[in-house]
Amino acid sequence: MRSPLARCVAASALVVFLVGGASGCAALPSASSPVPTSTASTPDPSPSAADPTPDPSASPEPTQAPADDFGGFASDELAQICIDATLSAFPADVAFTIEDTRIEKRSVTPEWLVLVPAQASGLEAQAQCTIGGSPSAPELGMSSASLEPLPEEQIENLIRGENEGGDR
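Calculation rules
Residues numbered from 1 in each chain as written. Predicted model: local features only at pLDDT ≥ 70, side-chain atom pairs only at ≥ 80, totals over all residues. Heavy atoms only, no water. Pairing = 2+ DSSP bridges. Helix = DSSP H or I, 4+ residues; strand = E, 2+ residues; numbered from the N terminus. Disulfide = S-S within 2.5 Å. Buried < 20%, exposed > 50% of the residue type's maximum accessible area, 1.4 Å probe, protein only. Phe/Tyr/Trp six-rings, centres within 6.5 Å; stacked < 30°, edge-to-face > 60°. Lys NZ or Arg CZ within 6 Å of the ring centre and 35° of its normal. Polar contact = N/O pair within 3.5 Å; in protein donor to acceptor, adjacent residues only side chain to side chain. Contact = heavy atoms within 4.5 Å. Core = buried A, V, L, I, M, F, W, Y, C linked by side-chain atoms within 4.5 Å.

One ladder, built from eight bridges, connects strand β6 (residues 123-134) with strand β7 (residues 137-146); its direction is antiparallel. In the sheet register, G132 faces β7, and the bridge partner there is E139.

Next comes the structure, spelled out in structure tokens:
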């Protein structure tokens, strides 16, 4: 008798296989819908009169990494790596929602779990990847295209490095 998690994973794999087979062949990036990207404006580098002059006698405050910094990666960069790795496994009508990407720090390597929500064939879908390395040499661990979002329990397992379908 299989556990509910094993049945869920098997059902997801079967759906991905059937949808991929029904669509003929893997989608080519040129045949898919455009992937939305965000643009950021750069602040004006010229100082203004309202900018306070730093007090040299003040002790320096500790600096925190920006919220969008994941080991040198930007969140959009991790999302795009995951999309590129999984795009061919989705139906041609897939549309990703990069701004809603969920990134979790894992307790194992690769250190980032990246979950990119999408819509495919009218269903909630999700690109799922583990990514490590550096922006100049990213290392892709697991990559999966699913026509349903992962349950929270499975996400927690992946964060701990469990049930990745490999030798862990």
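What follows covers the state of the cysteines. One pass over the structure, following the stated rule, counts one disulfide. The residue that forms a disulfide with C82 is C129, at a sulfur-sulfur distance of 2.2 Å. Of note, the bridge from C82 to C129 carries an S-S torsion of about 85 degrees and is right-handed in sense. Remark: C129 occurs in strand β6 and C82 occurs in helix α2 (residues 75-86); sequence separation between them is 47 residues. We note that C82, like C129, is buried.

Moving on to the packing of aromatic side chains. Scanning the model with the defined rule gives two aromatic pairs in all. On the numbers, 5.3 Å between centres and 80 degrees between planes, the contact of F70 with W112 is edge-to-face. Pair noted here: F70 is in strand β1 (residues 69-70) and W112 is in strand β5 (residues 112-120), with a separation of 42 residues, a long-range link. No difference in accessibility class separates F70 from W112, as the two residues are buried. Aromatic pair F90 and F96: ring centres 5.4 Å apart, planes at 85 degrees, arrangement edge-to-face. Residue F90 is classed as buried on the basis of its relative accessible area of 3%. When its relative accessible area of 3% is taken as the criterion, F96 is described as buried. In this structure, K105 packs its charged tip against the face of W112, placed 5.0 Å from the ring centre.

Time to look at the side chain of T101. As for its position among the elements, T101 is in the loop between β3 (95-96) and β4 (102-105). Of the residues examined, T101 reaches a relative accessible area of 18% and is grouped as buried. Within the structure, T101 has its side chain in polar contact with the backbone oxygen of I98 (distance 2.7 Å). Once you skip the residues sitting within four places of it in the chain, T101 turns out to touch A79, V114, L115, V116 and P117.

Our focus in this paragraph is the nonpolar core. In this structure, L78, F90, F96, V114 and V116 are the most contacted members of the largest nonpolar core, which totals 23 residues. When residues of this core are traced back to their parent elements, those giving at least two are α2, β5 and β6. Here the element with the most residues in this core is β5; it accounts for five residues. L150, I155, L158 and I159 belong to the second largest nonpolar core, which has seven residues in total.

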